[in-house]
Amino acid sequence: GNSVTQMEGPVTLSEEAFLTINCTYTATGYPSLFWYVQYPGEGLQLLLKATKADDKGSNKGFEATYRKETTSFHLEKGSVQVSDSAVYFCALIPLTGGGNKLTFGTGTQLKVEL
Amino acid sequence: NAGVTQTPKFQVLKTGQSMTLQCAQDMNHNSMYWYRQDPGMGLRLIYYSASEGTTDKGEVPNGYNVSRLNKREFSLRLESAAPSQTSVYFCASSAIERSSYNEQFFGPGTRLTVL
């Protein structure tokens, strides 16, 4: 079956530090990959996505590259801000047989301190 | 344009009570979804509706029923609540069902506690 594995949190960083949140997946074929962000007390918002190998998704200074050879989609940001504190979810939709149903990782909480 | 709205925001039930969680979207989306979010488990799909008039089970459907009332509204019903159903419930919608390219838009969630 399909699955997503994320690094466990919480991750605590100082403002302007470099961020990496690891995500690896298991799926048949080449799924579409997503990062969603959940700010405190809110629903999930799409942060970025990539739909084929070697695609790079980017938004708000965050980036993730679809790596077929390592089945990974790691989230990076060069300089985090306090406002980036949130829970980040990696997710996939399989290319076939999955409709539009997302499979989520368990989420990684990020705390950014001054 | 409110996006996806959910009611109520908070609810406390006693074991055995029933309730319906309401969800509506104003984006003219075909597909709608119900997820539950539990600590350390991410979001898990309960039920989804690919289009008006159709519903299908997701990963964790036991103890729940759904109704796709019309294109805008998708409700989730707990007939006899159990403490294991204490969770945060999210509704989502997307434009097209059989496409891996379509973003899902999420509501703000309903925090349910079953005593």
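Before any of the text, the structure's been laid out above.
Report follows, based on the coordinates.

Definitions and cut-offs
- Residues numbered from 1 in each chain as written.
- Chains lettered and ligands numbered in written order.
- Predicted model: local features only at pLDDT ≥ 70, side-chain atom pairs only at ≥ 80, totals over all residues.
- Heavy atoms only, no water.
- Helix = DSSP H or I, 4+ residues; strand = E, 2+ residues; numbered from the N terminus.
- Rg over C-alpha atoms; globule rule 2.2 N^0.38 Å.
- Contact = heavy atoms within 4.5 Å.
- Areas by Shrake-Rupley, 256 points an atom, 1.4 Å probe, with all protein chains shown as cover.
- Lys, Arg positive; Asp, Glu negative; His and termini not counted.
- Charge placed at Lys NZ, Arg CZ, Asp CG, Glu CD.
- Pairing = 2+ DSSP bridges.
- Axes fitted to C-alpha atoms, helices over the stretch in contact; angles between N-to-C directions.
- Phe/Tyr/Trp six-rings, centres within 6.5 Å; stacked < 30°, edge-to-face > 60°.
- Buried < 20%, exposed > 50% of the residue type's maximum accessible area, 1.4 Å probe, protein only.
- Core = buried A, V, L, I, M, F, W, Y, C linked by side-chain atoms within 4.5 Å.

## With respect to the overall build of chain A
For chain A, the helix and strand inventory stands at zero helices and twelve strands. Its helices and strands taken in sequence order, chain A reads β-β-β-β-β-β-β-β-β-β-β-β from the N to the C terminus. Computed over its C-alpha atoms, the radius of gyration of chain A comes to 14 Å, within 12% of the 13 Å expected for a compact globule of 114 residues. Overall, chain A is about 45 × 30 × 20 Å in size when its C-alpha atoms are taken along their principal axes. Considering only contacts within chain A whose residues lie at least 6 apart along the sequence, 56% involve residues at least 24 apart. Summed over all atoms, the accessible surface of chain A reaches about 5200 Å², with 47% contributed by carbon and sulfur. Positive and negative side-chain charges of chain A, numbering 9 and 11 respectively, have mean locations separated by a distance of 9 Å.

## Here we look at the sheet that holds strand β1 (residues 4-7) of chain B
All names here are of chain B. Spatially, β1-β3-β8-β7 is the arrangement adopted by the four strands of the open sheet, whose pairing is antiparallel. Both edges of this open sheet fall to β1 and β7 (65-68), since each of them pairs with a single strand only. For this sheet, the mean inter-axis angle between neighbouring strands, taken without regard to orientation, is 15°. Direction of pairing for β1 relative to strand β3 (residues 19-25): antiparallel, over a ladder of four bridges. If you follow Q6 over to β3, its bridge partner there is C23.

## With respect to the packing of aromatic side chains
All names here are of chain B. Tallying each qualifying case throughout the model produces twelve aromatic pairs over all chains. Measuring from ring centre to ring centre gives 6.4 Å for Y33 and Y48, while their planes differ by 20°; the resulting arrangement is stacked. Of the two residues, Y33 is situated in strand β4 (residues 31-38) and Y48 in strand β5 (residues 42-49); the sequence distance between them amounts to 15 residues. You can call Y48 buried: its relative accessible area is 10%. Taking the centre distance of 5.9 Å and the plane angle of 65° together, the rings of Y64 and Y89 count as edge-to-face. Residue Y64 is located in the loop between β6 (56-57) and β7, and its partner Y89 is located in strand β9 (residues 87-94); the two are separated by 25 residues in the primary sequence. Classification of Y64 as buried rests on a relative accessible area of 3%. The buried category is assigned to Y89, whose relative accessible area is 0%.

## A word on the pairing of strand β10 (residues 86-93) of chain A
Residues and elements named next belong to chain A. Here β10 lies mainly inside the structure; seven of its eight residues are buried. In this structure, strand β5 (residues 32-38) lies alongside β10, joined through seven bridges in antiparallel fashion. Along β10, the bridge assignment pairs V37 with Y88. As defined by bridge partners, β10 adjoins strand β12 (residues 108-113) across three bridges and the pair is classed as antiparallel. Across the sheet, Y88 pairs through a bridge with T108, a residue of β12. Relative to strand β11 (residues 103-104), β10 is paired through two bridges, and the arrangement is antiparallel. For L92, the partnering residue across the bridge sits in β11 and is T103.

## Description of the nonpolar core
Counting 26 residues, the largest nonpolar core has A:W35, A:L47, A:L48, A:F73, A:L75 and A:Y88 as the members making the most contacts within it. Listed by contribution, the elements that provide at least two residues to this core are β2 (11-14), β3 (19-21), β4 (23-26), β5, β6 (44-50), β8 (62-65), β10 and β12 of chain A. Ranked by residue count, the leading element in this core is β10(A), at four residues. One finds B:L21, B:I46, B:L78 and B:V114 within the second-largest nonpolar core, a separate group that totals 20 residues.

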